[in-house]
Amino acid sequence: MRYTLRQLEVFLAIAQAGNLTRAATELNMSQSAASSALKDLETQFDVLLFDRVGKRLQLSDRGKQLRPAAERLMGMADDLEQSLLNNADAGPLNIGATLSIGNYLAVQMVAEYMSLHPDAPITLDVENTEHIAERVLNFELDVGMIEGEFQHPHLDIKPWRSDELTVFCSPEHELATSDTVTDQQLMAASWILRENGSGTRQAFNRAMRGLLPEMNIALELQHTEAIKRAVQENLGVGCLSLMTLEDELQSGRLVRIQTPERDLHRRLYLILHKQKYQSAGIQAWMDLCQKWSS
């Protein structure tokens, strides 16, 4: 073989970091050693894997073509290493989840995964739908769990489980005593919502189609807890996933508003890179997701 796994590891680390120094630090290598490994790989095959743009290294067209195969090979090597080291049935796993899923569902799933696979390292990153999808596309995450609909030719997007948004307000709000509210009342309310780019906002916009131009979006916040707190202070009406509101609704700190004229149901999705190797860890996580699909 004219290449080594270490050379591929350096290639992939630079592709992810976009910078030789950061890649070397992540691999616990000196910058000169990482530079030599990349140079040797390019020289051996007379190929340019990166375009040099100042201090930044950007994948060349050839580098982009080779990256998925290198990712798959390194994934297989990681699986083999785990088996040799400790007979683990699952290797390292990096999961990404959007805010509602990450804070109110995925943490419980991670706890169950750790109990089933105690020797398998797992990380959970929580961001909005666009960022999770971007990181899956960049091979930084093994599996993404998202609330929004997302399309990309390199992503395998799997419907996972159903979810429901709900409109809610403070007990002191004028809508709190209404059995149901009309479209006219929805347009008259002041709204506190998630930011554009989030799956929750995408679902809200779709559910309120036809009303949006007339709606008063008073405040946009990136965090679910901040929205709930602002609504509790009676600054406006909110709309979030029902799974994020169970404690507040049960205690009476927030009140659910029925909106029969609007369909607030949606699907949650799992996303994977089509060209990523399906490691034992990924397969184990997908099995767990199937268990949590309802």
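Description of the structure in this document. All figures in this text were calculated on a predicted structure; none of them were measured in a lab.

This part is about the packing of helix 1 (residues 5-17) against helix 3 (residues 31-45). Between two packed helices, what matters for the description is the angle formed by their axes and the separation of those axes. At a closest axis distance of 9 Å, the pairing of helix 1 and helix 3 adopts a crossing angle of 105°. The pairing of helix 1 with helix 3 is recorded here as roughly perpendicular in orientation. Of helix 3, the residues touching helix 1 (which contributes Gln7, Leu8, Val10, Phe11 and Ile14) are Ala34, Ala37, Leu38, Asp40, Leu41 and Gln44.

What follows deals with the packing of helix 5 (residues 99-116) against helix 11 (residues 280-291). One way to put it is that helix 5 packs onto helix 11 with a least axis distance of 11 Å and a crossing angle of 125°. Between helix 5 and helix 11, the angle is such that the two are oblique. Every pair of crossing elements has a handedness; the one defined by helix 5 and helix 11 is right-handed. Residues Met109, Val110, Glu112 and Tyr113 of helix 5 form the contact with helix 11, whose own contacting residues are Gly281, Ala284, Trp285, Leu288, Cys289 and Lys291.

We note that aspartate 46 has phi near 50°; this positive angle belongs to a residue other than glycine. In this fold, aspartate 46 is placed in the loop between helix 3 and strand 1 (50-53). Assessed through its relative accessible area of 73%, aspartate 46 is described here as exposed. In this structure, asparagine 234 is a non-glycine residue whose phi angle is positive, near 65°. As for its position among the elements, asparagine 234 is in the loop between helix 9 (224-232) and strand 9 (237-241). Overall, the relative accessible area of 34% leaves asparagine 234 in the partly exposed class.

What follows covers the layout of surface pockets. In this model, the largest pocket occupies a volume close to 870 Å³. The wall of the largest pocket is formed by 28 residues, among which Glu9, Glu71, Met74, Asp78 and Asn94 lie closest to the centre. Mapped by element, the contributors of at least two residues to the lining of the largest pocket are helix 1, helix 4 (61-86) and strand 3 (93-97). Take the lining of the largest pocket: its biggest share by element is eight residues, from helix 4.

Before going further, it helps to examine the packing of aromatic side chains. Evaluated as defined, the whole model comprises four aromatic pairs. A ring pair is formed by phenylalanine 11 and phenylalanine 50, whose centres lie 5.7 Å apart and whose planes are at 65°; its orientation type is edge-to-face. Here the residue phenylalanine 11 occupies a position in helix 1, and phenylalanine 50 occupies one in strand 1, the gap between them amounting to 39 residues. Residue placement shows arginine 2 over the ring face of phenylalanine 45; its charged tip is 5.0 Å from the ring centre. Sitting over the ring of tryptophan 160, arginine 161 keeps its end group 5.7 Å from the ring centre.

Quick notes on the rules
- Residues numbered from 1 in each chain as written.
- Predicted model: local features only at pLDDT ≥ 70, side-chain atom pairs only at ≥ 80, totals over all residues.
- Heavy atoms only, no water.
- Axes fitted to C-alpha atoms, helices over the stretch in contact; angles between N-to-C directions.
- Helix = DSSP H or I, 4+ residues; strand = E, 2+ residues; numbered from the N terminus.
- Parallel < 35°, antiparallel > 145°, perpendicular 65-115°, else oblique.
- Contact = heavy atoms within 4.5 Å.
- Left-handed = near helix turned anticlockwise from the far one by under 90°.
- Buried < 20%, exposed > 50% of the residue type's maximum accessible area, 1.4 Å probe, protein only.
- 1 Å grid on protein atoms, 1.4 Å probe; cavity = no way out; pocket = protein on both sides within 12 Å on 5 of 7 lines; lining within 4 Å.
- Points joined across faces, edges and corners; volume = space filled by probe spheres on them.
- Phe/Tyr/Trp six-rings, centres within 6.5 Å; stacked < 30°, edge-to-face > 60°.
- Lys NZ or Arg CZ within 6 Å of the ring centre and 35° of its normal.

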